[in-house]
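As a plain string of letters, each chain reads:
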Amino acid sequence: NEISFSWLACGCVIISNIFSAVRSNEHRKAMDTEGLKDRLGSVGNQFAIVYCLCFLLGLPLSLLKEGHLVPHFLTTLAESPDTLGHIVSAGLWFYIYNEVSTMVVKRTGALTQSVLNTAKRVIVIVGASIVLGEGLAPMKILGCAIGIGGVFLYSAVGKFNPPADSKPKAAAAV
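Let us look at the structure shown here. (Residues numbered from 1 in each chain as written. Predicted model: local features only at pLDDT ≥ 70, side-chain atom pairs only at ≥ 80, totals over all residues. Heavy atoms only, no water.)

Section: the overall build of the protein
Step number 1: When helices and strands are counted, the protein shows seven helices and zero strands.
Step number 2: Mapped from its N terminus to its C terminus, the protein presents α and β elements in the order α-α-α-α-α-α-α.
Step number 3: Per-residue burial over the protein gives 15% buried out of 174 residues.
Step number 4: Across the protein, contacts joining residues at least 24 apart in sequence account for 58% of those joining residues at least 6 apart.
Step number 5: Here the protein has roughly 13,500 Å² of accessible surface; of this, 71% comes from carbon and sulfur atoms. (Helix = DSSP H or I, 4+ residues; strand = E, 2+ residues; numbered from the N terminus. Buried < 20%, exposed > 50% of the residue type's maximum accessible area, 1.4 Å probe, protein only. Contact = heavy atoms within 4.5 Å. Areas by Shrake-Rupley, 256 points an atom, 1.4 Å probe, with all protein chains shown as cover.)

The following block contains the structure:
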């Protein structure tokens, strides 16, 4: 059964992608900041500090918005001991994915990371369809084709139009 399209969800995804690109760009700028790497030690430490700050800044808003659900959450934890393991496991995998993502930004750039993130989503959709044994509806196929086409165009443009700093320099006239 196909889920109906939601413009609100589409808008939220667009906003999420914008903030993800901004975050990647800021990580990249911070990595290039003179002396910061010496003080932090590594990209992993920078990432950990940013996530700790995000948690501390987001906690009051989370409690304000969904604090009334804490008793239900605690009841669920008490009734289903596997829940805590699933939460910790999901959190660790999410943290590892984002730390590796930050390392990719350091080696490539924010735009490349954004393109790889799009490719990842297409792979997850197709992979989930295969694992769950569900067919891909025409709209899903169209969305995947647009995503794959965008990634292909990005790589094709990169091959035909390399960045200015990687073009061979003309020999100086003597």
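Re the packing of aromatic side chains
Step number 1: Evaluated as defined, the whole model comprises two aromatic pairs.
Step number 2: Ring centres 6.5 Å apart and planes at 55° place the aromatic pair Y51 and F94 in the tilted group. In this pair, Y51 is assigned in helix α3 (residues 43-66) and F94 in helix α5 (residues 82-107), connecting sequence segments 43 residues apart.
Step number 3: Take F94: its relative accessible area is 48%, and that puts it in the partly exposed class.
Step number 4: In textbook terms, an aromatic cluster arises when at least three aromatic residues are bridged by ring pairs, as seen for Y51, F94 and Y95. (Phe/Tyr/Trp six-rings, centres within 6.5 Å; stacked < 30°, edge-to-face > 60°.)

Details of the packing of helix α1 (residues 7-32) against α5
Step number 1: Relative to each other, α1 and α5 sit at 60°, their axes nearing to 9 Å. Relative to α5, α1 is oriented oblique. As α1 packs across α5, the resulting crossing turns out to be right-handed. When α1 is examined against α5, the residues R23, S24, H27, R28 and M31 are found in contact with a partner set consisting of N98, S101, T102, V105, K106 and R107.
Step number 2: Partitioning the contact of α1 with α5 into residue classes produces two nonpolar, five polar and four charged. (Axes fitted to C-alpha atoms, helices over the stretch in contact; angles between N-to-C directions. Parallel < 35°, antiparallel > 145°, perpendicular 65-115°, else oblique. Left-handed = near helix turned anticlockwise from the far one by under 90°. Nonpolar A, V, L, I, M, F, W, Y, C, P; charged D, E, K, R; others polar.)

A word on α1
Step number 1: The first and last C-alpha atoms of α1 sit 38 Å apart over 26 residues, in line with the 38 Å expected at 1.5 Å per residue.
Step number 2: Of the positions making up α1, those classed as buried are S20, S24, H27 and M31. (Expected span 1.5 Å × (residues − 1).)

Notes on a nonpolar patch on the surface
Step number 1: A cluster of nonpolar side chains, F55, L56, L59, L63, V70, F73, L74 and I87, forms an exposed patch at the surface whose accessible area comes to about 720 Å².
Step number 2: Taken together, the elements giving at least two residues each to the nonpolar patch come down to α3 and α4 (70-79).
Step number 3: Broken down by element, the residue count for the nonpolar patch peaks at four residues, all from α3.
Step number 4: Inspection of the secondary structure assignment puts L74 in helix α4. (Patch = residues over 30% accessible without salt bridge, like charges linked within 9 Å, V, L, I, M, F, W, Y side chains within 5 Å. Salt bridge = Lys/Arg side-chain N within 4 Å of Asp/Glu carboxyl O.)

Observations regarding the side chain of S129
Step number 1: With respect to the secondary-structure elements, S129 resides in helix α6 (residues 110-132).
Step number 2: Not counting residues up to four positions away in its chain, the partners in contact with S129 are E134, G135 and L136.

Here's the deal with the packing of α1 against α3
Step number 1: Packing of α1 against α3 leaves a shortest axis separation of 11 Å and a crossing angle of 130°. The orientation of α1 relative to α3 falls into the category oblique. The handedness of the crossing between α1 and α3 is right-handed. Each of R23, H27, A30 and M31 in α1 lies in contact with α3, whose residues at this interface are V43, Q46, F47, V50 and Y51.
Step number 2: Considered class by class, the residues forming the contact of α1 with α3 number six nonpolar, two polar and one charged.

Observations concerning the environment of S80
Step number 1: Tracing the sequence through the fold places S80 in the loop between α4 and α5.
Step number 2: A residue is classified by how much of its surface remains accessible, and S80, at 28% relative accessible area, is partly exposed.
Step number 3: At 3.0 Å, the side chain of S80 forms a polar contact with the side chain of T83. (Polar contact = N/O pair within 3.5 Å; in protein donor to acceptor, adjacent residues only side chain to side chain.)

Bear in mind that shape data such as this cannot, by itself, settle questions of function.
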